[in-house]
Amino acid sequence: MSDETATLTHLDASGAANMVDVAEKAVTSRIAVACGSVTMRAETLELIRSGNAKKGDVIGTARIAGIMAAKRTHELIPLCHPLALSKVKVEIEVDESLPGLRVTATTKVTGQTGVEMEALTACSVTCLTIYDMAKAVDRGMIIGDIKLLEKDGGKSGHWTAAEDARTGTTGGT
């Protein structure tokens, strides 16, 4: 679907907010991957990496928070359907070049609607939890670059950020 023919699916004919009816959609395997980052002082990163943060295991706690958030997306984002997720994976990697942490969240479901919001929510809450756990030593941390990297399944098929028209290449397949 091109930008010229795209419509906002959560609005009815009168413009009122509306939960999309997915009853007639095909049940397919659907997956989404989102990413984000938390940039911090090098000293903060070392504190997290060493496991000596005052609040405890920052990376482990943030990973669990992200997984829990994905499962509750429908309670946080209006008009999202509750989904029986079959997979939520949150990866947190040290990136010295930031310095900071890079977060990747993968969500999967077999159902009638996609899991993009669940992946984005998992990523966002993971980043927020990292901030919360380390803010006592570094209030200037920057949460950024949260975006969808990939989605697959459903009528629209496969899409990647690398193929998006805004990057100068082709759109989703």
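Residues numbered from 1 in each chain as written. Predicted model: local features only at pLDDT ≥ 70, side-chain atom pairs only at ≥ 80, totals over all residues. Heavy atoms only, no water.

**Concerning the environment of Gly-114**
In step 1: Structurally, Gly-114 can be placed in the loop between β3 (100-111) and α4 (116-134).
In step 2: According to the relative accessible area criterion, Gly-114 is partly exposed, its value standing at 24%.
In step 3: Spatially, the C-alpha atoms of Gly-114 and Thr-28 are 9.3 Å apart, while their sequence positions differ by 86 residues.
In step 4: Apart from residues no more than four positions distant in its own chain, Gly-114 is found in contact with Arg-30 and Leu-83. (Helix = DSSP H or I, 4+ residues; strand = E, 2+ residues; numbered from the N terminus. Buried < 20%, exposed > 50% of the residue type's maximum accessible area, 1.4 Å probe, protein only. Contact = heavy atoms within 4.5 Å.)

**As for the pattern of salt bridges**
In step 1: With the rule as written, the count across this model stands at nine salt bridges.
In step 2: Residue Arg-49 is joined to Glu-96 by a salt bridge in which the shortest nitrogen-to-oxygen separation is 2.2 Å. Highlighted residues: Arg-49 in helix α1 (residues 42-50) and Glu-96 in the loop between β2 (87-95) and β3, separated in sequence by 47 residues.
In step 3: Relative accessible area serves as the criterion here: at 41%, Arg-49 is assigned to the partly exposed category.
In step 4: In this structure, the salt-bridge partner of Lys-55 is Asp-132, at a minimum N-O distance of 3.5 Å. On the criterion of sequence distance, the pair formed by Lys-55 in the loop between α1 and α2 (58-71) and Asp-132 in helix α4 is long-range, its members being 77 residues apart.
In step 5: Taking the relative accessible area as the measure of exposure, Asp-132 reaches 32% and is therefore partly exposed.
In step 6: Via salt bridges that share partners, Arg-41, Glu-43 and Asp-138 belong to a single interconnected network. (Salt bridge = Lys/Arg side-chain N within 4 Å of Asp/Glu carboxyl O.)

**Concerning the sheet that holds strand β1 (residues 28-39)**
In step 1: Spatially, the five strands line up as an open sheet ordered β2-β3-β1-β4-β5, and their pairing is antiparallel. Lying at the two open borders of the sheet, with one neighbouring strand each, are β2 and β5 (159-160).
In step 2: The sheet contact formed by β1 and β3 spans twelve bridges and is antiparallel. Counterpart to Val-33 in the pairing with β3 is Thr-106.
In step 3: Here α2 sits on the sheet and contacts β2 and β3; the angle it forms with β2, its principal contact strand, is near 145°. (Pairing = 2+ DSSP bridges. Axes fitted to C-alpha atoms, helices over the stretch in contact; angles between N-to-C directions.)

**Considerations on the nonpolar core**
Most often, soluble globular proteins keep nonpolar side chains buried together rather than apart.
In step 1: In terms of nonpolar packing, the biggest core is built from 30 residues, with Met-40, Val-90, Ile-92, Leu-101, Val-103 and Ile-130 touching the most fellow members.
In step 2: Counting only elements with at least two residues in this core, the list comes to β1, α1, α2, β2, β3 and α4. (Core = buried A, V, L, I, M, F, W, Y, C linked by side-chain atoms within 4.5 Å.)

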